Amino acid sequence: MGRSHRRSGVGKRYHKPGTAPGTLRALEKRTDQVRVTVIDYGPEHLEEKTVTRVEDLFRYRDSPTVTWINIEGLHDVALIEALGKHFGFHALALEDVLNCGQRPKLEDYATHHFMIMKSLIHGATLETEQISFFLAGNYVITLQEVPGDSFEAVRERIRRGKGLIRKAGPDYLTYALVDALVDEFFPVLEQYGEQIETLEAELLVKPTNRTIQEVHRIKRELLMLRRTAWPERDVISAMQREESDVIQHETQVYLRDCYDHTIQIIDMIETYRDLAAGMLDIYLSSVSNKMNEIMKVLTIISTIFIPLNFIAGVYGMNFHTDKPLNMPELDWRFGYPFALSLMAAVAMLLVIYFQRKGWLVPERRVDPLPLPPPPPPPPVLPVLTGAGGEGGTAGASRASGGAADGVS
(Lines give C-alpha, C1' and ligand atoms only; values in the text may rest on other atoms or scores of the structure.)
Protein backbone atom coordinates (compact mmCIF):
# COMPACT_ATOMS: atom_id res chain seq x y z
CA MET A 1 0.00 0.00 0.00
CA GLY A 2 1.65 3.22 -1.14
CA ARG A 3 1.40 6.56 0.58
CA SER A 4 -1.50 8.62 -0.73
CA HIS A 5 0.10 11.98 0.01
CA ARG A 6 3.07 13.56 1.66
CA ARG A 7 3.43 14.65 5.25
CA SER A 8 2.95 18.36 4.53
CA GLY A 9 -0.50 18.39 6.17
CA VAL A 10 0.57 17.13 9.58
CA GLY A 11 1.04 20.62 11.03
CA LYS A 12 3.16 21.76 13.95
CA ARG A 13 5.03 19.07 15.79
CA TYR A 14 5.49 20.40 19.33
CA HIS A 15 3.53 21.96 22.19
CA LYS A 16 3.91 25.54 23.25
CA PRO A 17 6.55 26.11 25.95
CA GLY A 18 5.16 25.52 29.43
CA THR A 19 2.48 23.00 28.43
CA ALA A 20 1.75 20.39 31.09
CA PRO A 21 3.30 16.96 30.41
CA GLY A 22 0.93 14.41 28.99
CA THR A 23 -1.20 17.01 27.18
CA LEU A 24 -2.57 15.69 23.90
CA ARG A 25 -2.52 18.34 21.22
CA ALA A 26 -4.92 18.19 18.31
CA LEU A 27 -3.19 18.22 14.95
CA GLU A 28 -4.30 20.20 11.94
CA LYS A 29 -7.85 19.44 10.87
CA ARG A 30 -8.05 17.07 7.93
CA THR A 31 -10.92 16.12 5.67
CA ASP A 32 -9.95 12.45 5.48
CA GLN A 33 -10.95 10.14 8.31
CA VAL A 34 -8.70 8.07 10.48
CA ARG A 35 -8.43 4.51 9.17
CA VAL A 36 -8.23 1.70 11.73
CA THR A 37 -7.52 -1.87 10.63
CA VAL A 38 -7.29 -5.01 12.74
CA ILE A 39 -5.56 -8.30 11.94
CA ASP A 40 -6.14 -11.02 14.51
CA TYR A 41 -4.39 -14.29 13.76
CA GLY A 42 -3.09 -17.58 15.05
CA PRO A 43 -1.76 -20.79 13.49
CA GLU A 44 -5.24 -21.78 12.32
CA HIS A 45 -7.07 -18.47 12.65
CA LEU A 46 -7.10 -15.22 10.65
CA GLU A 47 -9.42 -12.24 10.94
CA GLU A 48 -8.83 -8.99 9.06
CA LYS A 49 -11.23 -6.06 9.08
CA THR A 50 -11.60 -2.29 9.20
CA VAL A 51 -13.00 -0.78 12.41
CA THR A 52 -15.07 2.41 12.54
CA ARG A 53 -15.64 2.64 16.32
CA VAL A 54 -12.89 2.62 18.91
CA GLU A 55 -15.06 0.47 21.20
CA ASP A 56 -14.72 -2.39 18.73
CA LEU A 57 -11.02 -2.59 19.61
CA PHE A 58 -11.44 -3.14 23.32
CA ARG A 59 -12.18 -6.85 23.11
CA TYR A 60 -8.73 -7.51 21.60
CA ARG A 61 -6.91 -6.49 24.77
CA ASP A 62 -7.22 -9.96 26.31
CA SER A 63 -7.43 -11.93 23.07
CA PRO A 64 -5.68 -15.34 23.21
CA THR A 65 -4.48 -14.84 19.63
CA VAL A 66 -2.07 -12.22 18.29
CA THR A 67 -3.69 -8.92 17.32
CA TRP A 68 -2.23 -6.14 15.21
CA ILE A 69 -4.12 -2.84 15.34
CA ASN A 70 -2.94 -0.26 12.80
CA ILE A 71 -4.13 3.38 12.94
CA GLU A 72 -3.46 5.67 9.97
CA GLY A 73 -3.88 9.35 10.84
CA LEU A 74 -3.33 11.16 14.14
CA HIS A 75 -5.78 14.07 13.97
CA ASP A 76 -8.56 12.26 15.90
CA VAL A 77 -7.40 12.97 19.45
CA ALA A 78 -10.59 11.54 21.02
CA LEU A 79 -9.88 8.15 19.45
CA ILE A 80 -6.29 8.13 20.74
CA GLU A 81 -7.39 9.20 24.22
CA ALA A 82 -10.01 6.45 24.39
CA LEU A 83 -7.54 3.89 23.09
CA GLY A 84 -4.90 4.89 25.61
CA LYS A 85 -7.38 4.91 28.50
CA HIS A 86 -8.72 1.43 27.79
CA PHE A 87 -5.34 -0.23 27.08
CA GLY A 88 -3.64 1.60 29.96
CA PHE A 89 -1.03 3.50 27.95
CA HIS A 90 1.02 6.13 29.74
CA ALA A 91 0.07 9.76 29.09
CA LEU A 92 3.65 10.66 28.13
CA ALA A 93 3.66 7.91 25.50
CA LEU A 94 0.43 9.23 24.01
CA GLU A 95 1.93 12.71 23.97
CA ASP A 96 4.95 11.42 22.05
CA VAL A 97 2.61 9.81 19.53
CA LEU A 98 1.16 13.21 18.60
CA ASN A 99 4.47 15.09 18.81
CA CYS A 100 5.78 13.67 15.56
CA GLY A 101 9.29 15.10 15.77
CA GLN A 102 10.46 12.49 18.25
CA ARG A 103 13.75 10.67 18.00
CA PRO A 104 13.56 6.88 17.56
CA LYS A 105 13.50 5.35 21.02
CA LEU A 106 12.30 2.44 23.17
CA GLU A 107 10.69 2.94 26.58
CA ASP A 108 9.47 0.44 29.14
CA TYR A 109 6.36 1.53 31.07
CA ALA A 110 6.12 -1.71 33.11
CA THR A 111 2.72 -2.70 31.69
CA HIS A 112 3.66 -2.04 28.08
CA HIS A 113 6.55 -1.12 25.81
CA PHE A 114 6.48 2.03 23.70
CA MET A 115 8.70 2.43 20.65
CA ILE A 116 9.17 5.07 17.96
CA MET A 117 10.64 4.32 14.54
CA LYS A 118 10.87 6.24 11.27
CA SER A 119 9.57 5.39 7.82
CA LEU A 120 11.08 6.92 4.68
CA ILE A 121 9.02 8.81 2.10
CA HIS A 122 11.23 9.16 -0.97
CA GLY A 123 9.65 11.36 -3.61
CA ALA A 124 10.94 14.60 -5.09
CA THR A 125 12.62 15.10 -1.71
CA LEU A 126 13.31 12.75 1.16
CA GLU A 127 10.98 12.92 4.15
CA THR A 128 10.42 10.78 7.21
CA GLU A 129 7.22 9.63 8.90
CA GLN A 130 6.99 8.72 12.57
CA ILE A 131 5.67 5.23 13.37
CA SER A 132 4.68 4.63 17.01
CA PHE A 133 4.47 1.11 18.50
CA PHE A 134 2.70 -0.16 21.60
CA LEU A 135 3.61 -3.72 22.57
CA ALA A 136 1.95 -5.54 25.47
CA GLY A 137 0.26 -8.85 26.10
CA ASN A 138 -0.77 -10.43 22.80
CA TYR A 139 -1.29 -7.27 20.80
CA VAL A 140 0.75 -4.72 18.84
CA ILE A 141 -0.66 -1.27 18.07
CA THR A 142 0.97 0.92 15.41
CA LEU A 143 0.08 4.56 14.79
CA GLN A 144 1.10 6.39 11.61
CA GLU A 145 1.00 10.01 10.52
CA VAL A 146 -0.44 9.53 7.04
CA PRO A 147 -2.22 6.71 5.16
CA GLY A 148 -0.01 4.18 3.43
CA ASP A 149 2.99 2.39 4.85
CA SER A 150 5.76 -0.14 4.25
CA PHE A 151 3.97 -3.04 5.96
CA GLU A 152 2.06 -4.58 3.05
CA ALA A 153 4.63 -7.37 2.70
CA VAL A 154 4.09 -8.27 6.36
CA ARG A 155 0.33 -8.35 5.82
CA GLU A 156 0.79 -10.73 2.90
CA ARG A 157 2.95 -13.04 5.01
CA ILE A 158 0.22 -13.12 7.65
CA ARG A 159 -2.52 -13.77 5.10
CA ARG A 160 -0.63 -16.59 3.41
CA GLY A 161 0.85 -18.01 6.58
CA LYS A 162 4.40 -17.89 5.25
CA GLY A 163 7.30 -18.41 7.62
CA LEU A 164 6.98 -18.28 11.40
CA ILE A 165 4.81 -15.21 11.73
CA ARG A 166 1.50 -17.07 12.24
CA LYS A 167 3.11 -19.42 14.75
CA ALA A 168 5.04 -16.82 16.75
CA GLY A 169 3.91 -14.18 19.21
CA PRO A 170 3.52 -10.40 19.09
CA ASP A 171 7.24 -9.87 19.64
CA TYR A 172 7.96 -11.59 16.31
CA LEU A 173 5.31 -9.39 14.66
CA THR A 174 7.08 -6.34 16.09
CA TYR A 175 10.36 -7.62 14.67
CA ALA A 176 8.78 -8.13 11.24
CA LEU A 177 7.42 -4.57 11.21
CA VAL A 178 10.71 -3.09 12.39
CA ASP A 179 12.64 -5.15 9.83
CA ALA A 180 10.36 -3.81 7.08
CA LEU A 181 11.18 -0.24 8.13
CA VAL A 182 14.90 -0.99 8.21
CA ASP A 183 14.93 -2.73 4.84
CA GLU A 184 13.39 0.25 3.07
CA PHE A 185 16.70 2.08 3.59
CA PHE A 186 18.47 -0.12 1.04
CA PRO A 187 16.61 0.86 -2.18
CA VAL A 188 16.82 4.51 -1.13
CA LEU A 189 20.57 4.26 -0.59
CA GLU A 190 20.99 2.48 -3.93
CA GLN A 191 19.34 5.45 -5.64
CA TYR A 192 21.72 7.81 -3.88
CA GLY A 193 24.66 5.69 -5.02
CA GLU A 194 23.52 5.95 -8.65
CA GLN A 195 22.98 9.70 -8.32
CA ILE A 196 26.46 10.15 -6.86
CA GLU A 197 28.05 8.23 -9.74
CA THR A 198 26.17 10.40 -12.27
CA LEU A 199 27.16 13.62 -10.53
CA GLU A 200 30.81 12.57 -10.30
CA ALA A 201 30.93 12.02 -14.08
CA GLU A 202 29.18 15.35 -14.63
CA LEU A 203 31.59 17.15 -12.32
CA LEU A 204 34.57 15.89 -14.28
CA VAL A 205 33.11 16.80 -17.68
CA LYS A 206 30.95 19.90 -17.36
CA PRO A 207 29.95 21.05 -13.88
CA THR A 208 27.09 23.55 -13.63
CA ASN A 209 25.19 25.33 -10.87
CA ARG A 210 22.55 22.60 -11.00
CA THR A 211 25.25 20.03 -10.32
CA ILE A 212 26.41 21.69 -7.13
CA GLN A 213 22.79 22.13 -6.02
CA GLU A 214 22.23 18.40 -6.44
CA VAL A 215 25.35 17.69 -4.40
CA HIS A 216 24.08 19.89 -1.57
CA ARG A 217 20.68 18.19 -1.73
CA ILE A 218 22.25 14.75 -1.45
CA LYS A 219 24.39 15.85 1.49
CA ARG A 220 21.36 17.27 3.28
CA GLU A 221 19.25 14.15 2.74
CA LEU A 222 22.07 11.81 3.73
CA LEU A 223 22.36 13.77 6.96
CA MET A 224 18.64 13.14 7.54
CA LEU A 225 19.18 9.43 6.94
CA ARG A 226 22.06 9.43 9.39
CA ARG A 227 19.95 11.09 12.08
CA THR A 228 17.35 8.37 11.53
CA ALA A 229 19.57 5.29 11.25
CA TRP A 230 21.81 5.88 14.29
CA PRO A 231 19.03 6.04 16.92
CA GLU A 232 17.17 3.17 15.24
CA ARG A 233 20.28 1.06 15.67
CA ASP A 234 20.20 1.86 19.40
CA VAL A 235 16.50 0.93 19.56
CA ILE A 236 17.06 -2.46 17.95
CA SER A 237 20.08 -3.07 20.17
CA ALA A 238 17.96 -2.35 23.25
CA MET A 239 15.24 -4.71 21.99
CA GLN A 240 17.62 -7.61 21.54
CA ARG A 241 19.04 -7.07 25.03
CA GLU A 242 15.56 -6.83 26.57
CA GLU A 243 15.20 -9.25 29.50
CA SER A 244 11.44 -8.91 29.99
CA ASP A 245 8.84 -11.46 28.95
CA VAL A 246 7.71 -9.27 26.07
CA ILE A 247 10.68 -10.13 23.79
CA GLN A 248 11.29 -13.86 23.65
CA HIS A 249 14.75 -15.34 23.32
CA GLU A 250 13.90 -16.87 19.94
CA THR A 251 13.01 -13.42 18.57
CA GLN A 252 16.25 -11.87 19.81
CA VAL A 253 18.13 -13.98 17.27
CA TYR A 254 16.18 -12.30 14.45
CA LEU A 255 16.68 -8.90 16.05
CA ARG A 256 20.44 -9.44 15.90
CA ASP A 257 20.12 -9.92 12.14
CA CYS A 258 18.09 -6.71 11.95
CA TYR A 259 20.79 -4.97 14.00
CA ASP A 260 23.41 -6.12 11.48
CA HIS A 261 21.31 -4.51 8.74
CA THR A 262 21.38 -1.19 10.58
CA ILE A 263 25.17 -1.41 10.85
CA GLN A 264 25.39 -2.00 7.11
CA ILE A 265 23.03 0.93 6.46
CA ILE A 266 25.11 3.26 8.62
CA ASP A 267 28.29 2.20 6.79
CA MET A 268 26.66 2.95 3.44
CA ILE A 269 25.41 6.33 4.65
CA GLU A 270 28.86 7.31 5.93
CA THR A 271 30.47 6.18 2.67
CA TYR A 272 28.04 8.21 0.56
CA ARG A 273 28.49 11.24 2.83
CA ASP A 274 32.25 11.05 2.29
CA LEU A 275 31.73 10.77 -1.46
CA ALA A 276 29.35 13.74 -1.43
CA ALA A 277 31.87 15.80 0.54
CA GLY A 278 34.57 14.78 -1.93
CA MET A 279 32.38 15.90 -4.83
CA LEU A 280 32.49 19.44 -3.48
CA ASP A 281 36.28 19.32 -3.71
CA ILE A 282 35.99 17.90 -7.23
CA TYR A 283 33.64 20.72 -8.19
CA LEU A 284 35.98 23.39 -6.84
CA SER A 285 38.93 21.74 -8.59
CA SER A 286 37.02 21.53 -11.88
CA VAL A 287 35.98 25.18 -11.68
CA SER A 288 39.55 26.17 -10.81
CA ASN A 289 40.97 24.11 -13.69
CA LYS A 290 38.45 25.60 -16.09
CA MET A 291 39.35 29.10 -14.93
CA ASN A 292 43.04 28.29 -15.35
CA GLU A 293 42.42 27.15 -18.92
CA ILE A 294 40.54 30.36 -19.67
CA MET A 295 43.25 32.50 -18.10
CA LYS A 296 45.92 30.60 -20.05
CA VAL A 297 44.17 31.28 -23.37
CA LEU A 298 43.69 34.94 -22.54
CA THR A 299 47.31 35.25 -21.42
CA ILE A 300 48.53 33.68 -24.67
CA ILE A 301 46.38 36.04 -26.73
CA SER A 302 47.69 39.00 -24.75
CA THR A 303 51.27 37.78 -25.15
CA ILE A 304 50.84 37.52 -28.91
CA PHE A 305 49.53 41.07 -29.18
CA ILE A 306 52.24 42.64 -27.00
CA PRO A 307 54.92 42.70 -29.76
CA LEU A 308 52.27 43.65 -32.33
CA ASN A 309 51.29 46.64 -30.23
CA PHE A 310 54.94 47.54 -29.89
CA ILE A 311 55.49 47.47 -33.65
CA ALA A 312 52.31 49.42 -34.29
CA GLY A 313 53.36 51.96 -31.65
CA VAL A 314 56.76 52.44 -33.21
CA TYR A 315 55.34 52.95 -36.69
CA GLY A 316 52.61 55.14 -35.32
CA MET A 317 55.06 57.77 -34.05
CA ASN A 318 55.46 61.07 -35.88
CA PHE A 319 58.81 61.08 -37.67
CA HIS A 320 60.38 63.74 -39.85
CA THR A 321 61.44 62.05 -43.04
CA ASP A 322 64.34 64.49 -43.68
CA LYS A 323 66.27 63.36 -40.58
CA PRO A 324 69.21 61.00 -41.15
CA LEU A 325 68.36 58.67 -38.25
CA ASN A 326 64.73 58.09 -39.18
CA MET A 327 63.55 54.69 -40.34
CA PRO A 328 64.22 54.40 -44.06
CA GLU A 329 61.01 52.47 -44.74
CA LEU A 330 58.92 55.52 -43.89
CA ASP A 331 59.58 56.81 -47.40
CA TRP A 332 59.61 53.32 -48.85
CA ARG A 333 56.82 52.36 -51.20
CA PHE A 334 56.24 49.02 -49.46
CA GLY A 335 56.71 50.29 -45.92
CA TYR A 336 53.09 49.76 -44.85
CA PRO A 337 52.87 46.18 -46.20
CA PHE A 338 56.25 45.51 -44.61
CA ALA A 339 54.96 46.54 -41.17
CA LEU A 340 51.86 44.34 -41.50
CA SER A 341 53.97 41.40 -42.68
CA LEU A 342 56.32 41.89 -39.76
CA MET A 343 53.40 41.78 -37.33
CA ALA A 344 52.00 38.63 -38.97
CA ALA A 345 55.40 36.94 -38.86
CA VAL A 346 55.92 37.74 -35.21
CA ALA A 347 52.42 36.46 -34.35
CA MET A 348 52.98 33.27 -36.32
CA LEU A 349 56.33 32.63 -34.65
CA LEU A 350 54.75 33.08 -31.22
CA VAL A 351 51.88 30.71 -32.06
CA ILE A 352 54.34 28.05 -33.27
CA TYR A 353 56.44 28.51 -30.14
CA PHE A 354 53.43 28.21 -27.81
CA GLN A 355 52.17 25.17 -29.68
CA ARG A 356 55.51 23.39 -29.36
CA LYS A 357 55.45 24.14 -25.65
CA GLY A 358 52.02 22.50 -25.48
CA TRP A 359 50.30 25.60 -24.14
CA LEU A 360 47.66 25.87 -26.89
CA VAL A 361 46.23 22.36 -26.60
CA PRO A 362 44.39 21.00 -23.56
CA GLU A 363 46.06 18.38 -21.49
CA ARG A 364 45.45 14.91 -22.79
CA ARG A 365 43.97 12.32 -20.53
CA VAL A 366 46.62 9.83 -19.63
CA ASP A 367 45.41 6.27 -19.48
CA PRO A 368 46.53 4.36 -16.40
CA LEU A 369 49.48 2.09 -16.87
CA PRO A 370 48.58 -1.59 -17.15
CA LEU A 371 49.17 -3.59 -14.04
CA PRO A 372 52.19 -5.90 -14.15
CA PRO A 373 51.42 -9.59 -14.50
CA PRO A 374 51.22 -11.45 -11.20
CA PRO A 375 54.37 -13.28 -10.20
CA PRO A 376 54.46 -17.01 -10.90
CA PRO A 377 53.53 -19.23 -7.98
CA PRO A 378 56.46 -20.66 -6.05
CA PRO A 379 57.44 -24.20 -6.93
CA VAL A 380 55.89 -26.91 -4.80
CA LEU A 381 58.59 -28.87 -3.04
CA PRO A 382 58.00 -32.58 -2.54
CA VAL A 383 57.33 -33.60 1.01
CA LEU A 384 59.57 -36.38 2.21
CA THR A 385 57.96 -38.66 4.73
CA GLY A 386 60.12 -40.92 6.81
CA ALA A 387 59.34 -44.27 8.31
CA GLY A 388 57.09 -44.46 11.28
CA GLY A 389 55.00 -41.47 10.16
CA GLU A 390 57.63 -38.83 10.96
CA GLY A 391 57.65 -35.47 9.22
CA GLY A 392 59.32 -34.58 5.98
CA THR A 393 62.20 -32.70 7.62
CA ALA A 394 63.16 -35.63 9.76
CA GLY A 395 62.88 -37.95 6.78
CA ALA A 396 65.07 -35.67 4.70
CA SER A 397 67.65 -35.56 7.48
CA ARG A 398 67.73 -39.34 7.72
CA ALA A 399 68.03 -39.59 3.93
CA SER A 400 70.98 -37.22 3.82
CA GLY A 401 72.52 -39.06 6.77
CA GLY A 402 72.12 -42.41 4.99
CA ALA A 403 73.76 -40.99 1.90
CA ALA A 404 76.63 -39.77 3.97
CA ASP A 405 77.02 -43.19 5.54
CA GLY A 406 77.10 -44.75 2.13
CA VAL A 407 79.82 -42.37 0.97
CA SER A 408 81.88 -43.05 4.03
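This text goes with the structure placed above it.
As a starting point, this report considers the structure included with it. Please read all numbers here as calculations on a predicted model, not as lab measurements.

So, the overall build of the protein
Then comes step 1: Looking only at helices and strands, the protein features 9 helices and 7 strands.
Then comes step 2: Looking at the protein as a whole, 40% of its 408 residues qualify as buried.
Then comes step 3: By sequence separation, contacts in the protein at least 24 residues apart represent 65% of the contacts at least 6 residues apart.
Then comes step 4: Of the roughly 24200 Å² that the protein leaves accessible, carbon and sulfur atoms contribute 58%.

Overview of the pairing of strand 7 (residues 139-144)
Then comes step 1: Within strand 7, 6 of the 6 residues are buried, which leaves the element mostly enclosed by the surrounding structure.
Then comes step 2: Strand direction decides the pairing type here: strand 3 (residues 66-72) and strand 7, joined by 6 bridges, are parallel. Paired with Glu72 across the bridge in strand 7 is Gln144.
Then comes step 3: Relative to strand 7, strand 6 (residues 126-136) is paired through 6 bridges, and the arrangement is antiparallel. Across the sheet, the residue bridging to Leu135 is Val140, located in strand 7.
Then comes step 4: Taking the residues between adjacent antiparallel strands as the criterion, strand 6 and strand 7 are bridged by 2 residues, where Gly137 takes a positive phi near 60 degrees.

Looking at the environment of Ile304
Then comes step 1: On the secondary structure map, Ile304 appears in helix 7 (residues 249-315).
Then comes step 2: Considering only alpha carbons, one finds Ile304 and Val346, 42 residues apart in sequence, at a separation of 8.1 Å.
Then comes step 3: If sequence neighbours within four positions are ignored, Ile304 has contacts with Ala347, Leu350, Val351 and Phe354.

Points about the environment of Arg59
Then comes step 1: For Arg59, the location among the structural elements is in the loop between strand 2 (45-51) and strand 3.
Then comes step 2: Arg59 has contacts with Glu47 and Lys49, leaving out every residue within four places of it along the chain.
Then comes step 3: Reaching out from Arg59, the side chain makes a polar contact with the side chain of Glu47 at a distance of 3.3 Å.

Focus on the nonpolar core
Then comes step 1: Residues Phe133, Val154, Leu173 and Leu225 are the most contacted members of the largest nonpolar core, which totals 54 residues.
Then comes step 2: In this structure, Val154 is in contact with Trp68, Ile165, Leu173, Ala176, Leu177 and Ala180, ignoring residues within four places of it in sequence.
Then comes step 3: Ile71, Leu74, Val77 and Ile80 belong to the second largest nonpolar core, which has 29 residues in total.

Re the pairing of strand 4 (residues 105-108)
Then comes step 1: In this structure, strand 4 lies alongside strand 5 (residues 113-122), joined through 4 bridges in antiparallel fashion. Bridge pairing in strand 5 links Lys105 to Ile116.

The rules behind the values
- Residues numbered from 1 in each chain as written.
- Predicted model: local features only at pLDDT ≥ 70, side-chain atom pairs only at ≥ 80, totals over all residues.
- Heavy atoms only, no water.
- Helix = DSSP H or I, 4+ residues; strand = E, 2+ residues; numbered from the N terminus.
- Buried < 20%, exposed > 50% of the residue type's maximum accessible area, 1.4 Å probe, protein only.
- Contact = heavy atoms within 4.5 Å.
- Areas by Shrake-Rupley, 256 points an atom, 1.4 Å probe, with all protein chains shown as cover.
- Pairing = 2+ DSSP bridges.
- Polar contact = N/O pair within 3.5 Å; in protein donor to acceptor, adjacent residues only side chain to side chain.
- Core = buried A, V, L, I, M, F, W, Y, C linked by side-chain atoms within 4.5 Å.

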